[in-house]
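Coordinate inspection notes
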Amino acid sequence: MIRKVFTLILLLNLTACAELQDVVNNLPQGGGVLSNADIASGLRQALDLGIDKQVSKLTQTDGFYKNELVKILLPAELQKVDKGLRDIGLGNLADEGLKVLNRAAEDAVGEATPIFINAVKDITFADAKNILLGSDDAATQYLTTKTQTELYNKFQPVINNSFSKVGADQIWANLINKYNAIPFTSNVNPNLTNYVTAKALKGVYTMISVEEKQIRNQVSSRTTDLLRKVFALQD
């Protein structure tokens, strides 16, 4: 009996996959209707909107710090620093340490926005139709896979500069020195630049996916003719 049920489920899954592929294969081609190039352009427009409408929010004061989707929390190594400082009455200093990590990310994203825009322009959606019919954040996932390593390398020095610009480097040097001076604690020396770079980049992709999901699911968010035509194919 169990074997029969398993076989039935397998057949249903195969049928669903075949139907999806059939939809992909029969989407309109050129000749006055949407081509693969049109679909790719529509997907790039969606990502550009994500940068323009959502990533731009991250560059504002508290864009990271008061956005629960992307707020940068302390790494595990620094959670004991936070607790140790609060235990000796330095809670305000600990709060400021967390805030400046987010301030550095907010500043850096503003400086690095052209990097993200250029990355989107350089993407060629060879498999545009499959992305169109994929999950709600399929285009963002594709962007992440294709650009994350390059963007990380470009973004890291921007984060490093922002640390100095907002004073995060001095604040954290002071925080860590005070913690390391507490008796019976083991010294810490974390690489905060790498940590904040990774978290800030993840936040950018998160906010791009927010806009992509809105465009996919809300017709009112499709603000150009091309977006309306392209995403009508997935409705």
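The structure under discussion appears in the preceding block.
Now for a description of the structure that goes with this document. Just so you know, these numbers come straight off a predicted model, no measurement behind them. (Residues numbered from 1 in each chain as written. Predicted model: local features only at pLDDT ≥ 70, side-chain atom pairs only at ≥ 80, totals over all residues. Heavy atoms only, no water.)

1. Some thoughts on the packing of helix 4 (residues 91-121) against helix 8 (residues 192-217)
The line we're drawing: Axes here mean lines fitted to C-alpha atoms, for a helix over just the part in contact, with angles spanning 0 to 180 degrees between N-to-C directions. A run of H or I in DSSP counts as a helix once it spans at least four residues, and a run of E counts as a strand once it spans at least two, with each numbered from the N terminus. In these notes the angle categories are as follows: under 35 degrees is roughly parallel, over 145 is roughly antiparallel, 65 to 115 is roughly perpendicular, and the rest is oblique. By convention, the crossing between two helices is left-handed when the near helix turns anticlockwise from the far helix through less than a right angle, and right-handed when the turn is clockwise. Contact criterion: two residues are considered in contact whenever any of their non-hydrogen atoms come within 4.5 Å of each other. When residue character is reported, Ala, Val, Leu, Ile, Met, Phe, Trp, Tyr, Cys and Pro are called nonpolar, Asp, Glu, Lys and Arg charged, and the others, Gly included, polar.
One can describe the packing of helix 4 onto helix 8 by two numbers: an axis separation of 10 Å at closest approach and a directional angle of 60°. Considering the angle they form, helix 4 stands oblique to helix 8. Of the two elements, helix 4 crosses helix 8, and the hand of that crossing is right-handed. Seen from helix 4, the contacting residues are Leu101, Ala105, Val109 and Phe116; seen from helix 8, they are Leu192, Val196, Ala200, Leu201 and Val204. A breakdown of the residues in the contact of helix 4 with helix 8 according to their chemical character gives nine nonpolar, no polar and no charged.

2. Notes on the nonpolar core
Here is the rule we go by: Here, nonpolar core means buried Ala, Val, Leu, Ile, Met, Phe, Trp, Tyr and Cys residues that are tied together by side-chain atoms lying within 4.5 Å of each other. Whether a residue is buried, partly exposed or exposed follows from its accessible area with a 1.4 Å probe, protein chains only, as a fraction of its type maximum: under 20%, in between, or over 50%, in that order.
Leu43, Phe125, Phe155 and Trp172 are the most contacted members of the largest nonpolar core, which totals 66 residues. Those elements that place two or more of their residues in this core are helix 2 (36-58), helix 3 (76-87), helix 4, helix 5 (128-132), helix 6 (138-166), helix 7 (168-180), helix 8 and helix 9 (225-232). Among the elements that take part in this core, helix 4 stands out by supplying 13 residues, more than any other. Setting aside chain neighbours within four positions, we find Phe155 in contact with Ala108, Val109, Ala112, Phe116, Thr197, Ala200 and Leu201.

3. A few points about the packing of aromatic side chains
For the record, the criterion: The criterion for an aromatic pair is that two Phe, Tyr or Trp rings (for Trp, the six-membered ring) have centres within 6.5 Å, with stacked assigned to planes under 30 degrees apart, edge-to-face to planes over 60 apart and tilted to the rest. Only when the NZ atom of a Lys or the CZ atom of an Arg is both within 6 Å of the ring centre and within 35 degrees of the ring normal do we say a charge sits over the ring.
Throughout the structure, instances matching the rule amount to two aromatic pairs. Ring centres of Phe116 and Phe155 lie 5.7 Å apart, and the angle between their planes is 70°; on these two criteria the pair is classed as edge-to-face. Of this pair, Phe116 sits in helix 4 while Phe155 sits in helix 6, placing them 39 residues apart in sequence. Of the residues examined, Phe116 reaches a relative accessible area of 3% and is grouped as buried. The interplanar angle of 40° and the centroid separation of 4.9 Å between the aromatic rings of Phe125 and Tyr142 together place this pair among those described as tilted. Of this pair, Phe125 sits in the loop between helix 4 and helix 5 while Tyr142 sits in helix 6, and the two are 17 residues apart along the sequence. What makes Tyr142 buried here is its relative accessible area of 16%. In this structure, Lys71 packs its charged tip against the face of Tyr65, placed 4.7 Å from the ring centre.

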